[in-house]
Amino acid sequence: MLNVVSPVGDWGVIVVYLLVGVILSVVLILASYLLSANKLGKAGDSVSEKLSAYECGLDAFEDARDKFDVRFFLVGILFIMFDLEASYLFPWALTLDEVGSLGYWTMIDFLVELGIGFLYAWRVGAIEQMNI
Amino acid sequence: MWSLLSELYLVTGILIVIVYGSLLNNTLKETKSIVSLSSLLLVIGGILSMNNSIILSGSDIWGIEVLMSEGIIKGLVLISSGVCLMNTSPSKEKSSPLGQIALASPKRSRMSVYMSRVFTYSVLIMLCSLGVMLMLSSNDLLLIYLGIELQALGMYALASYERESAYSVESGLKYFVLGAVGSGILLIGSSIIYSELGTIKLNEIGMLYSSLDLDGILLKMGIMCVIVGILFKLGSAPFHMWLVDVYEGGGSAMIRYFGVVPKIGLVSILIKVLVSIGSVYEGIVLVSMLSILVSSLGGLYQRRIKRFLGYSGIGHVGFILMGIISSVQEENISFGLLNGVFIYVLMYMLMTWWIWEIVIREKIIYIDELGMLGRRNGAVGLGIVLIMLSMAGVPPLGGFLGKMLVVKSALGSGLYMLGIIGMLGSVISGYNYLRWIKVMYFDKASLVYSGTEVRNVEYPYVNALVSGVSLLIVSISIILCYSVI
């Protein structure tokens, strides 16, 4: 481990890290912008064409955005819930001898509550709609 | 273990209701039974949790001191939730709380979608109440945060429950973003307190704060952040911008719940935090003054009913804060010793219930649409008159009792500016409330309000009348009760 002894303690390392990161990113982008031949906004430049939407060579006639389907979001939420439930099972399983019967029944209660939540989500139709 | 009996009861009840509703939700009758079951559960839970009684002391009415325990607050919370969930006409019409939820379903809804939305509504209300109960039972800054978040998550979903209405969705979004900001401020205050004192339990914070005599600014900032976070969620000025929009956009049935129950919980939390610290910052005095002024001045130009009620809610919170400050300032502080705060909260609860009940049943948006309502429907008119006068603080109604006790305690503990601004704000808001009465009795009948529709038989006239008279009765009974003691 790097042992930095300085008046500002360990925070100096972080400041240097921050400064180097900021300066490097700024220099890279700024240099490419300033030194490029064709800049944005000038007539006849090659950049504005590059930035426009592509629609097989024709002009774009409709917005390319689609309505966001909430089923994707539901998949994400349900995944988080049950995956985190499963991941809480692991440390519990390993330390069961230290937490004893109170810890056991607490986890059982947790599983039961999430199970009832799963039953609710199932019956309400949150899982049925995911027939992608 | 047994001290958490009411929370355990509520959790078990919620789980049973969820299982019951998921499996047996096939006919409308079963749906109605779920709602009745939930509201009954809440009310019984409320009665069960009132395990300590109010101890009243004081020789005459001018010295009312109410020793309040947490059981009473929890009981009030649960009973209010149960009442907000109850409805007398579970039809699909807009003139009932349940009907509003039905209309919140998508347009081409089958029966089952309606039923699932009704069922979800009951479950969400119960979960919000559970969050408030957790807040109230906590001795711990972290558990306070958990309770606030549990309640707030339910309310975010409820505020945006009418998915077809852009107003509702927008208000839910605003509430969510600003609620997250408030929680963030609360959390950073808690972490600063932990870093300075090494503990997050309120009683230990109180002991350390009084004994260590720290002079650092960081600890004070931490405590201020916690208090500001709670005030943010209460909707007090200058953090009040979101409240008015949420009141306007959210469905009326949900906002009726929102105006009562989370506020009771947050006020109790604030009292707990202030009592454990034992001192009051001048910032809260400023917040209280600003809330009262913003409410009275902001309500002057309001023409929509729900926004008006939002501003009036801000003002009531300002008065409650006034009562809290003046009672914490005195030397003998405990959780329950509150001059007038409890009575003000009780009156605020009653007023908010009843006025929102009337707002839910009437299909109007603007105050001007109330024109000639007093002549057309005498009972509703009288009910609204009594509620409005109570909000304005006219004796012998309930609101006057609350305001008098609060302002008296403020002047008694030396906060003269606060008391004076409170009275000035009350005078200005008097115009706001009296304007309703004027519109109801002296304005032309509105063209938008179709007076020719047949009055719904399921909305008894008695309902509105009882609401206003109850304020009268409760106040007079308290006064008489104290004169006798």
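Just above sits the structure.
Read on for a plain summary of the structure.

### With respect to the overall build of chain A
In terms of helices and strands, chain A carries 4 helices and 0 strands. Each helix and strand of chain A, ordered N terminal to C terminal, gives the series α-α-α-α. The burial tally for chain A puts 11% of its 132 residues in the buried class. Accessible area of chain A: about 11,600 Å², with a carbon and sulfur share of 69%.

### Re the overall build of chain B
The helix and strand tally for chain B stands at 19 helices and 2 strands. Taken over 485 residues, chain B has a buried fraction of 60%. Considering only contacts within chain B whose residues lie at least 6 apart along the sequence, 78% involve residues at least 24 apart. When the accessible surface of chain B is summed, it comes to about 18,900 Å², and 70% of that surface belongs to carbon and sulfur atoms.

### Some points on the packing of aromatic side chains
Geometrically, a pair of aromatic rings is defined through the distance of the ring centres and the angle of the planes. All names here are of chain B. Considering all chains together, one arrives at 19 aromatic pairs over all chains under this definition. When the centroid spacing of 6.3 Å and the interplanar angle of 45° are considered together, the rings of Tyr121 and Tyr161 count as tilted. Of this pair, Tyr121 sits in helix H5 (residues 111-136) while Tyr161 sits in the loop between helix H6 (141-159) and helix H7 (166-197); the two residues are 40 residues apart in sequence, bridging distant segments of the chain. We classify Tyr121 as buried; its relative accessible area is 2%. Here the aromatic rings of Tyr175 and Trp242 are separated by 5.1 Å at their centres, their planes lie at 10°, and the arrangement is stacked. Within this pair, whereas Tyr175 is found in helix H7, its partner Trp242 is found in helix H10 (residues 241-249), the two being separated by 67 residues in sequence. Taking relative accessible area as the criterion, Trp242 reaches 3% and is therefore assigned buried. Here the aromatic cluster, defined as three or more aromatic residues joined through ring pairs, consists of Tyr156, Tyr175, Phe176, Trp242, Tyr247, Phe258 and Trp356. Sitting above the plane of the Phe258 ring, Lys263 keeps its charged end 5.1 Å from the centroid.

### Considering the packing of helix H9 (residues 217-234) of chain B against helix H11 (residues 252-277) of chain B
Residue and element names in this part refer to chain B. Between H9 and H11, the shortest axis-to-axis distance is 9 Å and the interhelical angle comes to 165°. It follows from the interaxial angle that H9 and H11 lie roughly antiparallel. Seen along the crossing, H9 lies across H11 with a hand that is left-handed. Residues Ile223, Val226, Ile227, Ile230, Leu231, Lys233 and Leu234 of H9 touch H11, and the partners they reach there are Lys263, Leu266, Val267, Ile269, Leu270, Val273, Leu274 and Ile277.

### Some remarks on the pattern of salt bridges
Residues and elements named next belong to chain B. All told, the structure shown has 7 salt bridges over all chains when counted by the stated rule. A salt bridge links Asp140 to Lys201; its shortest N-O distance comes to 3.2 Å. With Asp140 in the loop between H5 and H6 and Lys201 in the loop between H7 and helix H8 (202-212), this pair connects stretches of sequence that are 61 residues apart. The closest approach of N and O atoms between Arg307 and Glu248, which form a salt bridge, is 2.7 Å. Taken together, the residues Arg307 in helix H13 (residues 305-329) and Glu248 in helix H10 connect sequence positions 59 residues apart. When sorted by exposure, Arg307 lands in the same class as Glu248, which is buried.

### Some words on the interface of chain A and chain B
Taken together, the contact between chain A and chain B spans 6 residues of the former and 9 residues of the latter. Each partner contributes to the roughly 730 Å² buried at the junction of chain A and chain B, and carbon and sulfur atoms together form 74% of this total. Across the contact surface, chain A and chain B share 0 salt bridges. For the interface between chain A and chain B, the tally reads 2 residue pairs in polar contact (both at pLDDT 80 or more). Taken together, the residues of the side of chain A that touches chain B break down into 4 nonpolar, no polar and 2 charged.

### Notes on the side chain of Ser312(B)
Residues and elements named next belong to chain B. Counting through the fold element by element, Ser312 comes out in helix H13. Accessibility expressed as a relative area gives 5% for Ser312, which makes it buried. The contact partners of Ser312, leaving out residues within four places of it in the chain, are Ser295, Met391 and Tyr433.

### Side note on unusual backbone geometry
The peptide bond linking Ala237(B) to Pro238(B) adopts the cis configuration, its omega dihedral lying at 5°. Along the chain, Pro238(B) falls in the loop between H9 and H10.

### Section: the environment of Ile192(B)
All names here are of chain B. Within the secondary structure, Ile192 is located in helix H7. Exposure remark for Ile192: the relative accessible area of 14% places this residue in the buried category. Each C-alpha atom of the pair Ile192 and Met221 lies 8.0 Å from the other, and the pair is 29 residues apart in sequence. The residues contacting Ile192, other than those within four sequence positions of it, are Leu218 and Gly222.

### Quick notes on a nonpolar patch on the surface
Taken together, the side chains of Leu18(A), Val22(A), Val26(A), Leu30(A), Tyr33(A), Leu34(A) and Leu35(A) present a nonpolar region at the surface, about 740 Å² in accessible area. Locating Leu34(A) in the fold gives a position in helix H1 (residues 11-35).

### Section: the side chain of Ser288(B)
Checked against the element boundaries, Ser288(B) lands in helix H12 (residues 282-298). Ignoring anything within four residues of it in the chain, the contact list for Ser288(B) reads Gly318(B), Leu321(B), Met322(B), Ile325(B) and Leu418(B).

Rules used in this analysis
Residues numbered from 1 in each chain as written. Chains lettered and ligands numbered in written order. Predicted model: local features only at pLDDT ≥ 70, side-chain atom pairs only at ≥ 80, totals over all residues. Heavy atoms only, no water. Helix = DSSP H or I, 4+ residues; strand = E, 2+ residues; numbered from the N terminus. Buried < 20%, exposed > 50% of the residue type's maximum accessible area, 1.4 Å probe, protein only. Areas by Shrake-Rupley, 256 points an atom, 1.4 Å probe, with all protein chains shown as cover. Contact = heavy atoms within 4.5 Å. Phe/Tyr/Trp six-rings, centres within 6.5 Å; stacked < 30°, edge-to-face > 60°. Lys NZ or Arg CZ within 6 Å of the ring centre and 35° of its normal. Axes fitted to C-alpha atoms, helices over the stretch in contact; angles between N-to-C directions. Parallel < 35°, antiparallel > 145°, perpendicular 65-115°, else oblique. Left-handed = near helix turned anticlockwise from the far one by under 90°. Salt bridge = Lys/Arg side-chain N within 4 Å of Asp/Glu carboxyl O. Buried area = accessible area lost by both parts, 1.4 Å probe. Polar contact = N/O pair within 3.5 Å; in protein donor to acceptor, adjacent residues only side chain to side chain. Nonpolar A, V, L, I, M, F, W, Y, C, P; charged D, E, K, R; others polar. Patch = residues over 30% accessible without salt bridge, like charges linked within 9 Å, V, L, I, M, F, W, Y side chains within 5 Å.

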